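# An overview of the molecular structure
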Amino acid sequence: MGELKYEPLFETKKAKGRIIYRLFATSLFCGILLIWIYRLCNIPKPGENGRYGWIGMLGAELWFGFYWFLTQSLRWNRVNRQAFRDRLLQRYENELPRVDVFVCTADPAIEPPIMVINTVLSVMAYNYPPEKLSVYLSDDASSELTFYALLEASRFAKNWLPYCKKFNVEPRSPAAYFASLSVSDQSDAEFSEIKRLYEDMANKIDTACKAGRVSDQAKLEYKGFSKWSSYSSKKNHAAILQILIDSRDEGAKDIDGVKLPTLVYVAREKRPQHFHNFKAGAMNALIRVSSEISNGPVILNVDCDMYSNNSNSIQDALCFFMDEEKSHEIAFVQFPQSFENTTKNEIYGSLRVIDKVEFHGADGYGGPLYTGTGCFHRRDTLYGREFSNVARIDLKSSCPEKREENTHELEERLECLASSTYEQNTQWGNEIGLKYGCPVEDVLTGLTIKCKGWKSVFYRPKREAFLGVTATTLDQILVQHKRWSEGDLNILFSKYSPVWYGLGKLNPGLVLGYLNYCFWSPNCFATLCYSIVPSLYLLRGISLFPQVSSKWFLPFAYVIIAELTYSFAEFLWSGGTVLGWWNEQRIWLYKRTSSYIFAVLDTMLKLFGSSNTTFIVTPKVTDEDVLLRYKQEAMEFGSASPMLTILSTLAMLNLFCLMGLVKKLLLTRELGLKYVFETMALQILLCGVLVFVNLPLYNAVFFRKDKGKIPSSTAVQSVVFSLSVCTCIAYL
Ligand SMILES: O=c1ccn([C@@H]2O[C@H](COP(=O)(O)OP(=O)(O)O[C@H]3O[C@H](CO)[C@@H](O)[C@H](O)[C@H]3O)[C@@H](O)[C@H]2O)c(=O)[nH]1
Ligand SMILES: [Mn+2]
């Protein structure tokens, strides 16, 4: 008899087409080198026209070339992963580990309780032994509305979970499930019954939310509400911890008599004198509280809008943690961040290329970033454990034992773990738990885990594992990207910088990979230069690029065409549309000329100690008329803001430059047509593309009447400002 053959629980395959890609990238690099040489060798002498502009362009092109080089690290060595769930179940069906799911919410006004509990229900309904599954909701708003919704959800779960199992429902967020069905699917009695139950619950929650409070009757029915009696405000209250379902209780069963997963509500203590560290603080409180309740060795973390869209994700993730030969070094398994409310052409851009390309590239060098949601961690690594090849963590576990304390005693005992002083004089937020002090606690925490010797995995199953809500206005997306790019830049300067902390600990390819994100925001300088200088020089008739007939024109043409074609192909290959790519270019420009500028400024202020970390939560609800425009893919410029003023000014500036040129060519005939095209083709092209990409903005300034247009004050400011600059440049 031969030995049993070892069958891996997952496999890792190199992505196809890497050789061709590498050849292409090398050719592009040669083009970039030639551009640099041309710029360096042709700097106008002091006193000559265009010297400063030229030097600016040189700087910008050096930067773009450098940044392009960084982006190669995420494309050079892509890998794809495959998990074998059947093998996992064959080997470990009875020894699966306990899994704790953390859901975070922060504000019932922009993260509606009904959305939050749909996420909670979707993770409670995972295809996983319920006695091994525990769900924790952290409510940073400590809102009794959210608590009330969770209470209702805990009751509805008794019907919903068996229904999901019986009919193998997907997705298991009730709202998403009902919305996914057509009328003809909705005939049988059991369906009508579950839908009615859901609607009853949703109505109750909706009524409470509209009233802004929970009815006295509901409060009388459930003693848990008494914990709000000493509550004074969202920023000043004691910890509230309630175990709504304790799966160790005999009574914790659904209508079919099957166990329910544990469900816990936690609102950590907040006091004005103690800083709460946003989501990282919430997560750390959950890590502690859960350690005393279920202590699952695997933790899944989702944002409150990211419902589970695939009931098998836990098993998928466990394949990466439980393989006998390859799993011991894996700290976390990150799933893509995908969204449910995207429109066809994604007017505000997407994370498409990051998910379909870049994270697979990072995975080839040791693993993707932790991006805060849709990520499974080993609990120990969150405690700061160093990787060791010898002391491996065994995840296998049997059923939890019965507890001595009753639920009430347990709650009382654990509230102190969520107190606002618990972390004082401890290493929480520093050596233990998620890291504090950075707007992207997720990226920073993931980075430090990897610097302790661990690897991570990026897994993109065919059926999306999680779906969330993406921003629906320009302002929201710019604010979000400011937070992200600022956070990533903070990491660069922090003690955990991939450069000085990561070097030697991470694969150099991954260091470069991280730098891609750390250097997001400094891209603003080169982009600003490229979108202002050539256009203004165009107005003055000064050429900044080689003549069309010059041989130096070729590398420019090659790099521009090759890079644009590549980015276009990559986008389509990632599942995007043609118009989607064009929209992506616009949002690329907008982020770089607004979010990133403020990210750099705030980081500088912070380095000099005069600014604090903030976290503006992205709204997950949209007004009806805004939603309508979103669905029609009309950009929502909306309210005035410094970011919008910059965008609008830049757009106007380019428009006036182009108009100025046309005027010179056609009306005054100051310049010959042939001469202009020969010497300034690329400048005209650049300015023309900038105008073309900004068409929706001009429309929003001059023609739109709806509320999503650019506010008149912003429009006037930007026109006056850009017109004055253009006039000065043209006539002085
Ligand atoms: O003080 C806070 C602030 C936020 N949150 C929660 O954090 C999550 C993320 O907030 P959101 O406004 O949706 O930010 P996004 O930019 O969409 O989030 C991404 O980026 C964040 C870091 O900037 C990560 O924390 C997130 O997990 C990641 O999905 C939400 O569930 C919030 O409820 C808290 O629990 N407490
Ligand atoms: Mn979000």
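Residues numbered from 1 in each chain as written. Chains lettered and ligands numbered in written order. Predicted model: local features only at pLDDT ≥ 70, side-chain atom pairs only at ≥ 80, totals over all residues. Heavy atoms only, no water.

Under an unreviewed UniProt entry, the name given to the protein chain is Cellulose synthase-like protein E1, and the organism recorded is Capsicum baccatum. UniProt, in the comment section headed Subcellular location (unreviewed entry), describes the protein chain in these words: "Golgi apparatus membrane". On record in UniProt, under Function (unreviewed entry), the comment for the protein chain is "Thought to be a Golgi-localized beta-glycan synthase that polymerize the backbones of noncellulosic polysaccharides (hemicelluloses) of plant cell wall." (UniProt positions renumbered as here; feature names shortened; annotations may be inferred.)

Time to look at the overall build of the protein chain. When you go through the protein chain residue by residue, the secondary structure sums to 25 helices and 13 strands. What you see for the protein chain is a C-alpha radius of gyration of 28 Å, in line with the 27 Å of a compact globule of 732 residues. Projected onto the principal axes, the alpha-carbon positions of the protein chain cover approximately 90 × 70 × 60 Å. Relative to its full complement of 732 residues, the protein chain shows a buried share of 58%. Contacts spanning at least 24 positions in sequence make up 83% of the contacts within the protein chain whose residues lie at least 6 apart. (Helix = DSSP H or I, 4+ residues; strand = E, 2+ residues; numbered from the N terminus. Rg over C-alpha atoms; globule rule 2.2 N^0.38 Å. Buried < 20%, exposed > 50% of the residue type's maximum accessible area, 1.4 Å probe, protein only. Contact = heavy atoms within 4.5 Å.)

On to the pairing of strand β11 (residues 375-378). Across the two faces of β11 the burial is the same, with C375 and H377 and F376 and R378 all buried. Relative to β11, strand β7 (residues 298-303) runs antiparallel, the two sharing four bridges. Across the sheet, V298 pairs through a bridge with R378, a residue of β11. As judged from the three bridges shared by strand β9 (residues 330-334) and β11, these two strands associate in the antiparallel manner. (Pairing = 2+ DSSP bridges.)

Our focus in this paragraph is the UniProt feature "transmembrane region" (unreviewed entry) in the protein chain. In the UniProt entry, the feature "transmembrane region" (unreviewed entry) is given for residues 20-40, 52-70, 553-582, 637-661 and 681-703. With 100% helix and 0% strand, the stretch residues 52-70 has end C-alpha atoms that lie 27 Å from each other. The distance from the first to the last C-alpha atom of residues 553-582 is 25 Å, and the span holds 87% helix and 0% strand.

This next bit is on the UniProt feature "binding site: Mn(2+)" (unreviewed entry) in the protein chain. Here the UniProt-annotated "binding site: Mn(2+)" (unreviewed entry) positions come out as K279 and D303. For this annotated set, covering 25 residues, all C-alpha atoms fall within 9.6 Å of each other, a compact arrangement in space. As for the annotated residues, the ones lining the largest cavity are K279. Following the sequence through the fold, K279 ends up in helix α9 (residues 278-293). Under the relative-accessibility criterion, K279 is labelled buried at 12%. Beyond its immediate stretch of four places on either side in the chain, K279 contacts C104, N301, D303, Y370, G372 and E441. Tracing the backbone through its elements, the reader meets D303 in strand β7. D303 gets classed as partly exposed once you look at its relative accessible area, which sits at 25%. Ignoring any residue separated from it by four or fewer positions in sequence, one finds D303 in contact with V103, C104, T119, K279, G372 and T373. At 3.5 Å, the side chain of D303 and the side chain of K279 are in polar contact. (1 Å grid on protein atoms, 1.4 Å probe; cavity = no way out; pocket = protein on both sides within 12 Å on 5 of 7 lines; lining within 4 Å. Polar contact = N/O pair within 3.5 Å; in protein donor to acceptor, adjacent residues only side chain to side chain.)

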